[in-house]
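# Close look at the chain arrangement
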Amino acid sequence: CISRQLWWGHRIPAWYVYNSKEEADSGYKNGHAGKDYVVASSEEEAYAKAKEAHGDGVHLVQEEDVLDTWFSSSLWPFSTLGWPNLESADYKRFYP
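Since the structure is predicted, the reported quantities are computational estimates derived from the model, not experimental observations.

## Brief notes about helix H2 (residues 43–54)
Relative to the 16 Å expected for twelve residues at 1.5 Å per residue, H2 spans 16 Å between its end C-alpha atoms, a close match to the ideal helical length. One or two steps after H2, the chain reaches Gly55, where phi turns positive at roughly 95°.

## Observations concerning the pattern of salt bridges
Two side chains with opposite charge may pair up if their charged atoms get near one another. Inspection of every chain in the model, using the stated rule, returns four salt bridges. Here Glu87 makes a salt bridge to Lys92, at a shortest N to O gap of 3.1 Å. The class of Glu87 is exposed, set by a relative accessible area of 57%. For Lys92, a relative accessible area of 45% gives the class partly exposed.

## Remarks on the pairing of strand E3 (residues 14–18)
In terms of residue burial, E3 counts as a mostly covered element, since five of its five residues are buried. Judged by which residues are buried, E3 turns out to be covered on both faces: Ala14, Tyr16 and Tyr18 on one side and Trp15 and Val17 on the other are all buried. The pairing of E3 with strand E4 (residues 37–39) spans three bridges and is antiparallel. Note that in E4 the partner of Ala14 across the bridge is Val39. With four bridges connecting them, E3 and strand E5 (residues 59–62) associate as antiparallel partners. For Val17, the partnering residue across the bridge sits in E5 and is Leu60.

## Some words on the nonpolar core
Ranked by size, the top nonpolar core spans eight residues in total: Trp15, Val17, Val38, Ala40, Ala46, Ala50, Val58 and Leu60. Within the residue set of this core, elements represented by two or more residues are E3 and H2. With sequence-adjacent residues up to four places away left out, Val17 is seen in contact with Lys35, Asp36, Tyr37, Val38, Ala50, His54, Val58, His59 and Leu60.

## A look at the sheet that holds E3
In any sheet, the strands associate via hydrogen bonds between backbone groups, in a parallel or an antiparallel arrangement. Taking strand neighbours across the sheet as the criterion, the three strands line up as E4-E3-E5 in an open arrangement whose pairing is antiparallel. If you trace the sheet from one side to the other, it starts and ends with E4 and E5, each paired once. Strand-to-strand, the axes of this sheet are offset by a mean angle of 30°, without reference to chain direction.

The rules behind the values
Residues numbered from 1 in each chain as written. Predicted model: local features only at pLDDT ≥ 70, side-chain atom pairs only at ≥ 80, totals over all residues. Heavy atoms only, no water. Helix = DSSP H or I, 4+ residues; strand = E, 2+ residues; numbered from the N terminus. Expected span 1.5 Å × (residues − 1). Salt bridge = Lys/Arg side-chain N within 4 Å of Asp/Glu carboxyl O. Buried < 20%, exposed > 50% of the residue type's maximum accessible area, 1.4 Å probe, protein only. Pairing = 2+ DSSP bridges. Core = buried A, V, L, I, M, F, W, Y, C linked by side-chain atoms within 4.5 Å. Contact = heavy atoms within 4.5 Å. Axes fitted to C-alpha atoms, helices over the stretch in contact; angles between N-to-C directions.

Encoded structure:
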């Protein structure tokens, strides 16, 4: 679930791709409508994907919306029990 009202939670891992900072500032004001984007686990990975697809001169702006706390709370057991290591003792004990 996406929430525009919350400022906490897990940020959506999507970055909009622009050719310059000026274009990014303009796009931000227009809600990034119709812009290309990349999805990645980190900003570094997002830049790598964007440069591969669009060339070296890219500027990224991360989506500001967050996944609301109902979604985020479902991630808590995984992030505290060793996931993605499915062989972790805690993970095996609590999620057999």
